[in-house]
Amino acid sequence: ASRIRVADAAVFCTTIASVPGSGHILSEAFDRLPYDARKIPRLADHFPALQPVSHFSDLLARKIYTYNSASAIIAYLGWWLGYDDLAEAACDPQISRLLDRNSQAINPVLCRLYACQPDEQQQFALQAKSKFQNQAIRDSIQRNARQPQRKLARAERLVGPALLIEQSGGDFAVLALAAAAALL
């Protein structure tokens, strides 16, 4: 008898309906699927597009403090600067510099907490920035900025990384600015 095994995986892409209500979608092309290698260790041997991750929960935490945090910074500061489109806001030179400044503050903290290599975390942060700056993905500020109260929770994308940076003696000003915009 064969055994069925299931492993968690994380899809790092934005998928938007090209026409609301239709089955047509626009999606970022992403050629890897990270999965929990503890559940099915050798699965990637058979499927090269799969990316085995030993500490999957750590990857999900890094995603919140990298991808979700960047999205919130872009959405709330983009709204404050009058943008409607997330990619346009992400490409704004001011916001782009603030994303880099935030990455410089949070990346070393995440490397210490989740035992990842600095170059790996830097690449992860660059992937997030590149994703949000992708003009082919038409995503709205309005969609990304909804539910600001939830996104200001202690373990969420703005306050969570700010607390981690503050505990490490770092500069969390970018997250504080984005949180202020979220409050507005």
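Reading the values: the criteria
Residues numbered from 1 in each chain as written. Predicted model: local features only at pLDDT ≥ 70, side-chain atom pairs only at ≥ 80, totals over all residues. Heavy atoms only, no water. Axes fitted to C-alpha atoms, helices over the stretch in contact; angles between N-to-C directions. Helix = DSSP H or I, 4+ residues; strand = E, 2+ residues; numbered from the N terminus. Parallel < 35°, antiparallel > 145°, perpendicular 65-115°, else oblique. Left-handed = near helix turned anticlockwise from the far one by under 90°. Contact = heavy atoms within 4.5 Å. Nonpolar A, V, L, I, M, F, W, Y, C, P; charged D, E, K, R; others polar. Buried < 20%, exposed > 50% of the residue type's maximum accessible area, 1.4 Å probe, protein only. Arc of directions from axis to C-beta. Core = buried A, V, L, I, M, F, W, Y, C linked by side-chain atoms within 4.5 Å. Salt bridge = Lys/Arg side-chain N within 4 Å of Asp/Glu carboxyl O. Polar contact = N/O pair within 3.5 Å; in protein donor to acceptor, adjacent residues only side chain to side chain.

### Examining the packing of helix α4 (residues 93-114) against helix α5 (residues 118-133)
Phase 1 of the analysis: Interhelical geometry of α4 versus α5 gives an angle of 150° and a closest axis separation of 10 Å. If you check the angle between α4 and α5, you find them roughly antiparallel. Crossing of α4 over α5 shows right-handed handedness. Contact residues: α4 offers Ser96, Leu99, Asp100, Ser103, Asn107, Leu110 and Cys111, while α5 offers Pro118, Gln121, Gln122, Ala125, Lys129 and Gln133.
Phase 2 of the analysis: Residue classes in the contact of α4 with α5 are distributed as 5 nonpolar, 6 polar and 2 charged.

### Quick notes on the environment of Ala173
Phase 1 of the analysis: Turning to its location among the elements, Ala173 is positioned in helix α9 (residues 173-183).
Phase 2 of the analysis: Note on Ala173: relative accessible area 33%, which makes it partly exposed.

### A look at α9
Phase 1 of the analysis: Every buried residue belonging to α9 is among Val174, Leu175, Ala178, Ala179, Ala181 and Ala182, and all of these are buried. Down the axis of α9, the sector holding all buried residues measures 160°, keeping them to one side.
Phase 2 of the analysis: Those residues of α9 that are buried lie in contact with α2 (56-80), α4, α7 (148-151) and α8 (159-167).

### A look at the nonpolar core
Phase 1 of the analysis: Core analysis: the largest hydrophobic core is formed by 40 residues, its most contacted members being Ile73, Ile74, Tyr76, Leu77, Phe132 and Leu158.
Phase 2 of the analysis: Considering each element in turn, this core owes the most residues, 12 residues, to α2.
Phase 3 of the analysis: Each residue touching Ile74, except ones within four places of it in the same chain, is listed here: Trp79, Leu86, Ala89, Ala90, Ile95, Leu99, Phe132 and Ile141.

### Focus on the pattern of salt bridges
Phase 1 of the analysis: Taken as a whole and assessed by the stated rule, the structure comprises 11 salt bridges.
Phase 2 of the analysis: Residues participating in the shared-partner salt-bridge network are Asp8, Asp36 and Lys39.

### Digging into the side chain of Asp36
Phase 1 of the analysis: Residue placement: Asp36 occurs in strand β3 (residues 33-36).
Phase 2 of the analysis: A polar contact is formed between the side chain of Asp36 and the backbone nitrogen of Arg38, at a distance of 3.0 Å.
Phase 3 of the analysis: Once you skip the residues sitting within four places of it in the chain, Asp36 turns out to touch Ala7, Asp8, Val53, Ser54 and Phe56.

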